[in-house]
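Examining the three-dimensional arrangement
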Amino acid sequence: MAQGRIKAKIRRSNFHTFACLRPITTESVGPKSLQGPGFSRIVHCNEPLLHKKKPLKYISNGISTTRYNVITFLPKAFFEQFRRVANIYFLVAAVCSLFSFSPFTPVSMIAPLLFVLGVSMAKEAIEDWNRFIQDMKVNTRKASVHKGGGIFRNRQWRNLQVGNVVKVEKDQFFPADLLLLSSSYEDGLCYVETMNLDGETNLKVKRSLEVTLGLDSDESFMDFKGVIRCEDPNPSLYTFVGNFEYGQEIYPLDPSQILLRDSKLRNTSFIYGVVIFSGHDSKVMQNSTKSPSKRSRIDKKMDCIIYILFTVLLGLSLVSSFGFYVKTKYNMPDWWYLLPQSSSSCYDMNNAVASGLCHFLTALMLYGYLIPISLYVSIEMVKFLQAVFINRDTDMYHEESGTPAEARTSNLNEELGQVDTILSDKTGTLTCNQMDFLMCSIAGSAYGVKSSEVELAAAKQMAIDLEAEKNGVSAYHGPTHGGSKTMLESIVTTMDGKNGKKVIKGFSFEDSRLMDGNWIKDFKTKEILMFLRILALCHSAIPELDEETNEITYEAESPDEIAFLVAAREFGFEFFKRSQSSVYVREAYPSPGSPVEREYKILNLLDFTSKRKRMSVIMRDEDGQILLLCKGADSIIFDRLAKNGREYEEATTKHLNEYGENGLRTLVLAYKRLDQAEYNAWNDEFVIAKASIGADRNAMLERISDKMERDLILVGATAVEDKLQKGVPQCIDKLAQAGLKIWVLTGDKMETAINIGFACSLLRQGMKQICISVTNSDPFQQDSRKAIKENILMQISNASKMIKLEKDPHAAFALIIDGKTLTYALDEDMKIQFLGLAVDCASVICCRVSPKQKALVTRLVKEGTGKTTLAIGDGANDVGMIHEADIGVGISGVEGMQAVMASDFSIAQFRFLEKLLVVHGHWCYKRIAQMICYFFYKNIAFGLTFFYFEAVTAFSGQSIYDDLYMILFNVFITSLPVIALGVFEQDVSSEICLQFPALYQQGPQNLFFDWYRILGWMMNGLVASAVVFIFNITYFYSQAFRAEGQTADMATVGTVMFTCIVWVVNCQIALTMSHFTWIQHFFIWGSIGFWYLFLVIYGMLSPTYTGNVYQILPEVLGPAPSFWMITLLVTVTCNLLYFSHISIQRCFYPMDHHVIQEIKYYKKDEEDKVMWTRERSKARQDTKIGFTARVEAKMRQLKVRLQKKHLSFTPPNSAMASP
């Protein structure tokens, strides 16, 4: 396995002036003091057996995100179930059923409770098992571990121990927090991608200690021993304090030697490291918090309804208790024939008060059917099945990674349909971190003819409008029509990306003036040549030859550099080799036909940092000329231009603005010629600063570098497209049309965030950007901090006033704020004003924010607006906001699993959020809302009949129904239809949901679960119960039931009433449904059929078990026409009220989905396309973000231009009207 160092032996440290250069005497500074609490950890390197016993025994490397284990499941699950007040009530009722005052048998009370608890706990077990499986996927990853004797073997992550020496290879994740010992580069450098930790895409440079550089092969660890004394586990990602004892010496450690779990090794063949922190002790796991218990708004409101019904239950029980007291005290002496053989406190006319109190308990149990015992379990079953459909939705399956969508918890399904604000990470969530070279500006001339999607869409829409104008709809005519067609044709031609050409990753440039060496004929050949050489030379990348394809690929710290090198290669300047001091470029021009391999000596490299915002290379060409080549942000480079270097500044600035409007990332390229004496003088200073030790070292380097990077000559600018994930602009557009607000919270710098905002249409041309920033002051001084806060507050106030005074209805505002400013804006005395401004803006972008700030912003939006928030991200740095939001969505299948394991739902790519919310969210909200309303309706319709019967039977506490009927009602007779409603109901199809995104607003506006609708359903249940009872009692009270003259006994009346209720509630749910499959029909009509089948089978049992119900259907009810007549009459009467309501609503006050249903039913969408298009255009929320809003803004601009052009063609005398 030993492979040793790479043969090239390039000292990568020469490429990093600022990032991680190891000063010559770094390790002579001396060990750090590690005394006191918080610094007790001792790690014996390569001796993991010492950490298997105390006091050095540390936790294993396995992780767990489950809520339960084998021991804690039962107690914890029971606790969770009895947090619900309804379950406590039914537990008390079940216990009370064991006593004599119970109106029911114990079986009829205990059996339903056990069934409900069993199903709920089974669901919890299944969901926790899924979490366990997810944990196992991480824990069973393989890592190469030193087994002894210089031999490395694969071992599962969970089996790693503190002290293990681990070998990690390129593109692998670090399995634990490691101390870097050596790498494949001879100077011990390695490149680490921390996107999964902090969201940043640029690679971080780590370095090992000089003393461990010799540990560069498997065999070198045969006798390796060492001791690490360091800080205890803590959540700080950017600090580390420790000492390394090796070879009788002590060396200080700092964060630059630490490799954190879940970061990835990039651009480095391999590294060796020793495990310091494992499992939940690792810094990334220390940053993660336990998943909070989340409940949906509907769930919380349902509790309020339960409390209301409890209040009604108590009220009815008090009335019944008082009635029983009155009857017992005043009427019982006259009813001697009703006296019990042995008196008890529950039936003692000499102690009416005690009897009344005892009857209160009886009534509490008797009217308990007002509280739907099966509501919770039915909802959980429905949510579980909804989650299954989400998991199996093939439209949300990512084929490339084989990753489906996953509802990790089903408790929040309906919350997906009520989201108001989405807070999204950027890197890995919106973008896929791939750059394409698209356009450039050289010497004041713009190159690149490939049009943006916005221009294409706007041109298409203009063509449609102009076609309508041609038919007489509008006032424009003539010349504009032909001009627009020409424009559209040219754009469509340029947007045809295929054209039979080979697709080149990182290069989408199209312009014949630069391709194939045609630029040689240009009169600005020298400037173009310099531009192309800067692309090929100003970087720190390494070329690698693919032996299979014989093609050169590049490894660089950022994807921008790779895009520039690919572009340079396609333009004829191929960077193909790097040595320790030189860069080699194969130049096909300016001598076409005979490529020349040129060597450029690299004298210095001033690398890019977020503070410098530029990168420079000082090199000597083959003619001996020393050049400084520089690329950086326009604001930085323009300030450093010489007076004679600004010739193309105005034209370049114009091009940069255009590129920015099209969502492209831009960099400006410049150069400077140096003479030998000037360079030597500067280099002497630079070498001294580079080798210095002290806190001011970086400041010295920055000052000296800045001195060199002056008096530059502008050459041009580049425009690269940061490739968004597939479908991101379309998804954001659809979500915006659905009325959702979208915030972006990113750790990237402001320029990058703004570029992405343009790319995904959160920002657009003409949108007024409000940038809130802090002034340069010392934040640690009290007066300065106060001044900063006052300045920020003034900026917020001024921006709010500007928005309120804006009169243009099409005006849009975007708020952009960085993490430093956000620190103050989130203070208690300012956050309300900040939130008010943010809510008034069309889009909000927070950049350079920490994971904690992401969580704080999410909490502010959630609590400040009182509306549902959804946070979506893909890295460990997003876990805080995912936990804080009402709904957390993790992006899976790309980077790590921290966000996924913390999330409520996981999807493979951002675009799947569109269907998750607009379709599944809309459906789940309406299904759950209608299901709960129907549940309360049917239980009120059933439960109140107990009270009515009590009232006419002297509050006797007698149930009119057989005990088995009551068990069947909630568990079998009415449960399956309501589950079918919750699982299969669709007001409109998924395609219609996506075509009419405004339908989604029914959820955030809570149109289907407001108090008006809830109370309406309760009143419907009240009416139904009254009709069922009155019709039956009136009919059976004073006349014979059968032809032979027999009157109906209590069993007969109870069975007929129960039959009526079964028909009424099942027909009611049939009227409620909009979408039928055979499953709904089977459940609804099958439930009614099951009732009759039950009566037949139950009636066949011995009278010992059935009592008066023996053969009740075939012998008593079946032969009586009145039984069938009363059933039909009650069913029609009860549902007539609801039928009238929905008929009037559809005819005179239709909702959006009613209109769409009518159109689809009469197939008007196929017969009348104009009407269908018109309805679709109306069925979207007015929004100022998204691709559609951007196209509309572009169209307004084009129309204004066309109108002006039309007026300019109109002869002056034609404007005068003839008398």
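Residues numbered from 1 in each chain as written. Predicted model: local features only at pLDDT ≥ 70, side-chain atom pairs only at ≥ 80, totals over all residues. Heavy atoms only, no water.

Section: the overall build of the chain
Helices and strands together make up the secondary structure of the chain, namely 38 helices and 33 strands. Residue burial in the chain is summarised as follows: out of 1219 residues, 56% are buried. Intrachain contacts of the chain at a sequence separation of at least 6 include 75% that bridge at least 24 residues. Roughly 52,500 Å² of accessible area belongs to the chain as shown, and the carbon and sulfur atoms make up 57% of that amount. (Helix = DSSP H or I, 4+ residues; strand = E, 2+ residues; numbered from the N terminus. Buried < 20%, exposed > 50% of the residue type's maximum accessible area, 1.4 Å probe, protein only. Contact = heavy atoms within 4.5 Å. Areas by Shrake-Rupley, 256 points an atom, 1.4 Å probe, with all protein chains shown as cover.)

Let's talk about the pattern of salt bridges
Tallying each qualifying case throughout the model produces 45 salt bridges. Close ionic contact of glutamate 622 with arginine 598 constitutes a salt bridge, the shortest N to O distance being 3.4 Å. Here arginine 598 lies in strand β22 (residues 596-606) and glutamate 622 lies in the loop between β23 (614-620) and β24 (626-632), a separation of 24 residues in the sequence. Overall, glutamate 622 belongs to the partly exposed group, its relative accessible area being 46%. (Salt bridge = Lys/Arg side-chain N within 4 Å of Asp/Glu carboxyl O.)

Observations regarding the pairing of strand β15 (residues 419-424)
Most of β15 is tucked away, with six of its six residues classed as buried. Across four bridges, β15 lies against strand β27 (residues 741-745) in parallel orientation. Bridge pairing in β27 links isoleucine 422 to isoleucine 742. (Pairing = 2+ DSSP bridges.)

Comments concerning the sheet that holds strand β14 (residues 406-407)
The nine strands are arranged β14-β33-β32-β31-β15-β27-β30-β29-β28 in an open sheet whose pairing can be described as mixed. Every other strand in the sheet has two partners, leaving β14 and β28 (768-772) as the edge strands with one partner each. Pairing of strand β29 (residues 813-818) with strand β30 (residues 843-847), which is carried by five bridges, proceeds in the parallel orientation. Residue pairing across strands places isoleucine 817 opposite cysteine 846, the latter belonging to β30. Sheet contacts for helix α22 (residues 851-865): β15, β27 and β31 (868-873); angle to β27, the most-contacted strand, approximately 160°. (Axes fitted to C-alpha atoms, helices over the stretch in contact; angles between N-to-C directions.)

Description of the UniProt feature "active site" (unreviewed entry) in the chain
The UniProt record marks Asp425 with the feature "active site" (unreviewed entry), using the residue numbering of this structure. Mapped onto the elements of the fold, aspartate 425 is located in the loop between β15 and β16 (431-442). Residue class for aspartate 425 comes out buried when judged on its relative accessible area of 1%. Ignoring anything within four residues of it in the chain, the contact list for aspartate 425 reads Leu430, Leu745, Thr746, Lys854, Ile872, Gly873, Asp874, Asp878 and Met881. Reaching out from aspartate 425, the side chain makes a polar contact with the side chain of lysine 854 at a distance of 3.1 Å. (UniProt positions renumbered as here; feature names shortened; annotations may be inferred. Polar contact = N/O pair within 3.5 Å; in protein donor to acceptor, adjacent residues only side chain to side chain.)

A closer look at the nonpolar core
Counting residues in each nonpolar core, the largest one holds 110 residues, and the members touching the most others are Ile932, Phe942, Phe946, Tyr961, Tyr965 and Phe1009. Of all the elements, helix α25 (residues 913-952) adds the most residues to this core, at 18 residues. (Core = buried A, V, L, I, M, F, W, Y, C linked by side-chain atoms within 4.5 Å.)

Describing empty space enclosed by the protein
The tally for this structure, following the rule as stated, stands at one cavity of 30 Å³ or more. Taken as a whole, the largest cavity spans an internal volume of roughly 100 Å³. Every residue lining the largest cavity is counted, 13 residues in all, and those nearest its centre are Phe90, Met109, Pro112, Tyr369 and Ile373. If you list the elements that add at least two residues to the lining of the largest cavity, you get α3 (106-139) and α26 (963-973). Among the elements that take part in the lining of the largest cavity, α26 stands out by supplying four residues, more than any other. When the residues that make up the lining of the largest cavity are grouped by side-chain class, the tally is ten nonpolar, three polar and no charged. (1 Å grid on protein atoms, 1.4 Å probe; cavity = no way out; pocket = protein on both sides within 12 Å on 5 of 7 lines; lining within 4 Å. Points joined across faces, edges and corners; volume = space filled by probe spheres on them. Nonpolar A, V, L, I, M, F, W, Y, C, P; charged D, E, K, R; others polar.)

A closer look at the packing of aromatic side chains
In total, this model carries 50 aromatic pairs according to the counting rule given. Arranged with centres 6.0 Å apart and planes meeting at 40°, the rings of phenylalanine 507 and phenylalanine 509 form a pair that is tilted. Three or more aromatic residues joined by ring pairs form one cluster here, namely Tyr369, Phe942, Phe946, Tyr961, Tyr965, Phe969, Phe1058, Trp1091, Phe1094 and Tyr1098. A cation over an aromatic ring shows up here: lysine 167 above the ring of phenylalanine 270, its NZ or CZ 4.9 Å from the ring centre. (Phe/Tyr/Trp six-rings, centres within 6.5 Å; stacked < 30°, edge-to-face > 60°. Lys NZ or Arg CZ within 6 Å of the ring centre and 35° of its normal.)

Description of the environment of histidine 398
Looking at the secondary structure, you find histidine 398 in the loop between α8 (375-391) and β14. It is 9.9 Å that separates the C-alpha atoms of histidine 398 and serine 892, two residues lying 494 residues apart in sequence. When neighbours within four sequence positions are excluded, histidine 398 is seen to be in contact with Thr403, Ala908, Gln909, Arg911 and Phe912.

Overview of the pairing of β24
Remark: a regular strand shows side chains that alternate across the two faces of the sheet. Here β24 lies mainly inside the structure; seven of its seven residues are buried. Of the two faces of β24, the one carrying Ile626, Leu628, Cys630 and Gly632 and the one carrying Leu627, Leu629 and Lys631 are both buried. The pairing of β23 with β24 spans seven bridges and is antiparallel. Looking across to β24, one finds that serine 616 is bridged to cysteine 630. Following β23, the chain reverses through five residues before pairing antiparallel with β24; glycine 624 in that reversal takes a positive phi of roughly 90°. Note that β24 and strand β25 (residues 665-674) share seven bridges and pair antiparallel. Pairing of isoleucine 626 across the sheet is with leucine 674, part of β25.

Concerning the packing of helix α30 (residues 1050-1072) against helix α31 (residues 1078-1099)
One way to put it is that α30 packs onto α31 with a least axis distance of 9 Å and a crossing angle of 165°. Relative to α31, α30 is oriented roughly antiparallel. The two elements α30 and α31 cross, and the hand of that crossing is right-handed. Counting all contacts with α30, which are made through Thr1055, Phe1058, Thr1059, Val1062, Trp1063, Asn1066, Cys1067, Ile1069 and Ala1070, the residues of α31 involved are Ile1084, Trp1085, Ser1087, Ile1088, Trp1091, Tyr1092 and Leu1095. (Parallel < 35°, antiparallel > 145°, perpendicular 65-115°, else oblique. Left-handed = near helix turned anticlockwise from the far one by under 90°.)

Quick look at the state of the cysteines
Covalently bonding the sulfur atom of one cysteine to the sulfur atom of another cysteine gives a disulfide. Applying the stated criterion across every chain yields a total of zero disulfides. With no disulfide partner, cysteine 771 has as its closest neighbouring cysteine sulfur the one in cysteine 847, 8.2 Å distant. Given a relative accessible area of 38%, cysteine 771 falls into the partly exposed group. (Disulfide = S-S within 2.5 Å.)

Some details on the sheet that holds strand β2 (residues 142-148)
Spatial ordering of the open sheet is given by β3-β2-β4-β13-β5-β11, a layout of six strands whose pairing is antiparallel. The sheet is open, and its two edges are formed by β3 (151-156) and β11 (258-259), each paired on a single side. Bridge analysis of strand β4 (residues 165-169) against strand β13 (residues 270-277) gives five bridges, and the strand direction is antiparallel. Among the inter-strand pairings, lysine 167 is bridged to a residue of β13, identified as tyrosine 272.

Brief notes about the side chain of lysine 301
You can see lysine 301 is positioned in helix α6 (residues 297-331). In this structure the side chain of lysine 301 is engaged in a polar contact, spanning 2.8 Å, whose partner is the backbone oxygen of phenylalanine 1009. Ignoring any residue separated from it by four or fewer positions in sequence, one finds lysine 301 in contact with Asn1006, Phe1009, Asp1010, Trp1011 and Ile1014.

With respect to the packing of α26 against helix α27 (residues 975-984)
Two numbers describe how α26 lies on α27: the axes approach to 6 Å, and their chain directions differ by 25°. Judged by the inter-axis angle, α26 sits roughly parallel to α27. Taken together, the residues of α27 that come into contact with α26 (itself represented by Asn970, Val971, Phe972 and Ile973) are Ser975, Leu976 and Pro977. For the contact of α26 with α27, the class distribution of residues is five nonpolar, two polar and no charged.

A word on unusual backbone geometry
It is generally the case that most residues other than glycine have a negative phi and that most peptide bonds are trans. Here the residue pair lysine 54 and proline 55 is connected by a cis peptide bond, since its omega of 5° sits within 30 degrees of zero. With respect to the secondary-structure elements, proline 55 resides in the loop between β1 (41-45) and α1 (73-81). Although it is not a glycine, aspartate 171 sits at a positive phi angle of roughly 70°. Here aspartate 171 is to be found in the loop between β4 and β5 (177-183). For aspartate 262, which is not glycine, the phi dihedral falls at a positive 75°. Take aspartate 262: it is sitting in the loop between β11 and β12 (264-266). Judged by its relative accessible area of 4%, aspartate 262 falls in the buried class.

Quick notes on the environment of isoleucine 276
For isoleucine 276, the location among the structural elements is in strand β13. Given the relative accessible area of 0%, isoleucine 276 is considered buried. A sequence separation of 234 residues divides isoleucine 276 from isoleucine 42, and the C-alpha atoms of the two residues are 8.8 Å apart. Once you skip the residues sitting within four places of it in the chain, isoleucine 276 turns out to touch Arg41, Val43, Val162, Asp177, Leu178, Leu179, Ile228, Cys230, Phe240 and Ile258.

Some words on the confidence of the model for the chain
Of all residues in the chain, 84% have pLDDT values of 70 or greater, and the mean over the chain is 82. Low confidence marks residues 19-29, where pLDDT is under 50. Its contacts with residues over four positions away, or in another chain, come to 24 contacts. Residue range residues 471-499 is modelled with pLDDT below 50. Its contacts to residues more than four positions away, or to other chains, number 34 contacts. (pLDDT = per-residue confidence, 0-100.)

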